[in-house]
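Secondary and tertiary structure notes
Each chain is listed here by its residues.
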Amino acid sequence: MITSAEARLGRNMAILAASGSIIGIAINFLNSSEGWDPLWGLISGIIDFASNLGLVVMLIYAIKLFNLEDKPFIKALSYISIIAMTSVMVSDLAPSITSSGLGTERFGPEEISAIADSVQSGTWIVVPLWVLLVSMSYRGDILPSWGGWAGMLAGALMLLLHVIVLSRIGSIEILWPIWLVAGAIGFPLFAFAMSRAFASKI
């Protein structure tokens, strides 16, 4: 059973995850120049770190919110998602740390960022699958119906994106719109709905 304090924290962290996702995508579009920019890189890293921290905490307390003891596969996927997102979160500031001279000298910030993205690519299969399954299981119950539909949209689109990438049947022109709809619309709406689900337990 989730406590009122845990539900309040879960609500706040879900809002942070949703807001950070939107702001992070907006910053990436504003900083569309080639090459590494220390200022934009730092701003982006801080926002990504905060957003992913919110997502990790949201995932932790979602286990209690939805009482996932009755859904062993989703519960297991929750733990995997927590570990995966934590690895993403702790590396969000790595390029800026390297750029400041505190990290390794073997790789530049752009290389560090590219390595992290490659190593963590599986995260964006596991977490969307979690979002999809939670949305399908709890839409209209604890999770508001609109948030469930948004979560199903985001999860399905991200999984579709990976199918397209792994099968090599699409181009970047196809992938960007899919990623934008999932990341800038579907997931933030799902996270805001999660905040409402947590709020119902305060």
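Structure's up top.
What you see is a predicted model; the values in this text were computed from it and never measured.

Turning our attention to the packing of aromatic side chains. Under the definition given, this model contains five aromatic pairs. A centroid spacing of 4.5 Å and a plane angle of 25° characterise the contact between Phe66 and Tyr138, whose relative ring orientation is stacked. Of this pair, Phe66 sits in the loop between α2 (38-65) and α3 (72-90) while Tyr138 sits in helix α6 (residues 123-138), and the two are 72 residues apart along the sequence. Tyr138 carries the same exposure label as Phe66, and that label is buried. A centroid spacing of 6.4 Å and a plane angle of 40° characterise the contact between Phe187 and Phe190, whose relative ring orientation is tilted.

This next bit is on the side chain of Ser81. Within the secondary structure, Ser81 is located in helix α3. Judged by relative accessible area, which is 0%, Ser81 ranks as buried. Each residue touching Ser81, except ones within four places of it in the same chain, is listed here: Leu59, Val126, Val127 and Trp130.

Residue position: Leu93 is located in the loop between α3 and α4 (94-99). Among the residues examined, Leu93 registers a relative accessible area of 25% and is labelled partly exposed. Linking Leu93 and Asp48, residues 45 residues apart in sequence, is a C-alpha distance of 8.5 Å. Residue contacts for Leu93: discarding those within four places in its chain leaves Gly45, Ile46 and Phe49.

Taken as a whole, this structure holds two salt bridges when the rule is applied. A salt bridge links Lys64 to Glu6; its shortest N-O distance comes to 2.9 Å. Here Lys64 is found in helix α2, whereas its partner Glu6 is found in helix α1 (residues 4-30), with 58 residues between them in sequence. Relative accessible area serves as the criterion here: at 33%, Lys64 is assigned to the partly exposed category. For Glu6, a relative accessible area of 17% translates into the label buried. Linking Lys75 and Glu69 is a salt bridge whose minimum nitrogen-to-oxygen distance equals 2.8 Å.

Within helix α5 (residues 109-119), burial applies to Pro109, Ile112 and Ala116. Along α5, the residues classed as buried sweep out an arc of 60° about the axis, all on the same side. Turned more than 90 degrees away from the buried face of α5, the exposed residues are Asp117 and Ser118. Structurally, α5 contributes buried residues whose contacts are with α4.

Cut-off values and rules
Residues numbered from 1 in each chain as written. Predicted model: local features only at pLDDT ≥ 70, side-chain atom pairs only at ≥ 80, totals over all residues. Heavy atoms only, no water. Phe/Tyr/Trp six-rings, centres within 6.5 Å; stacked < 30°, edge-to-face > 60°. Helix = DSSP H or I, 4+ residues; strand = E, 2+ residues; numbered from the N terminus. Buried < 20%, exposed > 50% of the residue type's maximum accessible area, 1.4 Å probe, protein only. Contact = heavy atoms within 4.5 Å. Salt bridge = Lys/Arg side-chain N within 4 Å of Asp/Glu carboxyl O. Arc of directions from axis to C-beta.

These results come straight from atomic positions and should not be treated as a statement about function.
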